[in-house]
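# Observations on chain architecture
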Amino acid sequence: TTMEAALDHGDFTAYLQPKCDFATGQMRGAEALVRWNRLAEGIVRPDDFIPIFEKNGFILRLDMFILESVARLLAAWKVKGLETVPVAVNFSRLHLNDARYIPQMLRLVDKYNVPHEMIEVELTESVIFNNLTRAQDVITRLHRNGFSVAMDDFGSGYSSLNVLKSLQFDSIKLDKEFLAGFEDNPHAHKVIEGAVSMIKSLGIQVVAEGVETREQADFLRQTGCDLAQGYFFSRPLPADRFETLLKKSTPPAA
């Protein structure tokens, strides 16, 4: 099939989008995002193929392929003496019901001797809510193996508070829809400020996605958000351009 062939030909690649410190602009982490290079059409964005791959199950292979790409990159950067940052990898809901998920993950990460704290697992809010007890079990096992876990898309559904109450996350990513339109809406200001301070009071790191303007960045910094991910700081970059950023932030060897 086309997707299997595309995977074998190396048409799927991981791009990395920096997560930056609001206060200093320094890079503190990154998220791995998949891109599909279809020669005829050019680069295809995930929104156009992920839903299809979720339906046909191919997403299970693709997620693991991205995880392995990230582990390989982290190992290569370490060899070059670069100061690396933790990288978040998205995993589909299909993994939650797959007993092979965590063993497979461990095998790939350990194959490259990557410390587990360098990998963050990102799960979307809807995945977790639809299967709270299963999610709880998976998150506990990920933590036991030294991985951190982020909830993606916070505020996009109706379940966020329920999920927060029940599960232990290391970081929460505010969905860009949640942040939309706050500029002209005093209620939105209050809701975002309240959400951030509540999440922080639980000892959880807050990451804002889709930060595109100086105004958004200033407001989110004032609310106490920890990290920003968005075009205002950096777009998703191919691995070589991301490596250039790491070189800039690595202090020269003594």
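This text goes with the structure placed above it.
Summarised in this report is the structure supplied together with it. (Residues numbered from 1 in each chain as written. Predicted model: local features only at pLDDT ≥ 70, side-chain atom pairs only at ≥ 80, totals over all residues. Heavy atoms only, no water.)

Below, the discussion takes up the state of the cysteines. Note on terminology: a disulfide is the covalent bond linking the sulfur atoms of two cysteines. Under the counting rule described, the total for this entry stands at zero disulfides. Between Cys20, a free cysteine, and Cys225, which holds the nearest cysteine sulfur, the sulfur-to-sulfur gap is 13 Å. Here Cys20 falls in the buried class, since its relative accessible area comes to 6%. A relative accessible area of 5% places Cys225 in the buried class. (Disulfide = S-S within 2.5 Å. Buried < 20%, exposed > 50% of the residue type's maximum accessible area, 1.4 Å probe, protein only.)

As a further point, take the environment of Asn37. Topologically, Asn37 is positioned in strand S2 (residues 27–38). For the pair Asn37 and Phe12, spaced 25 residues apart in sequence, the C-alpha to C-alpha distance is 6.3 Å. Sequence-distant contacts of Asn37, defined by excluding residues within four places in its chain, comprise Asp11, Gly42 and Ile43. (Helix = DSSP H or I, 4+ residues; strand = E, 2+ residues; numbered from the N terminus. Contact = heavy atoms within 4.5 Å.)

Here the focus is helix H6 (residues 132–144). One turn of an α-helix holds 3.6 residues; hence residues three or four places apart share an orientation. Helix length check: H6, at 13 residues, gives a terminal C-alpha distance of 18 Å against a target of 18 Å (1.5 Å per residue), a fit within 8%. Restricting attention to buried positions, one finds in H6 the residues Ala135, Val138, Ile139 and Leu142. For H6, the angular spread of the buried residues around the axis is 100°, confining them to a single face. For H6, the exposed residues lying more than 90 degrees away from the buried face are Thr133 and Arg144. As for H6, its buried residues are in contact with helix H4 (101–111), strand S5 (119–124), helix H5 (125–129) and strand S6 (148–154). Backbone geometry just downstream of H6 places Gly146 in the positive-phi region, at approximately 85°. (Expected span 1.5 Å × (residues − 1). Arc of directions from axis to C-beta.)

At a minimum axis separation of 9 Å, helix H9 (residues 186–201) and helix H10 (residues 214–223) run at an interaxial angle of 45°. The angle between H9 and H10 places the two elements in the oblique class. You can see that H9 and H10 cross each other, and the crossing is right-handed. Where H9 approaches H10, its residues His189, Ile192, Glu193 and Val196 are matched on the opposing element by Phe219, Leu220 and Thr223. Taken together, the residues of the contact of H9 with H10 sort by class into four nonpolar, two polar and one charged. (Axes fitted to C-alpha atoms, helices over the stretch in contact; angles between N-to-C directions. Parallel < 35°, antiparallel > 145°, perpendicular 65-115°, else oblique. Left-handed = near helix turned anticlockwise from the far one by under 90°. Nonpolar A, V, L, I, M, F, W, Y, C, P; charged D, E, K, R; others polar.)

A few words on the pairing of S6. Most of S6 sits out of view: six of its seven residues are buried. Pairing between S6 and strand S7 (residues 171–174): three bridges, direction parallel. Residue pairing in the sheet places Met151 in a bridge with Ile172 of S7. (Pairing = 2+ DSSP bridges.)

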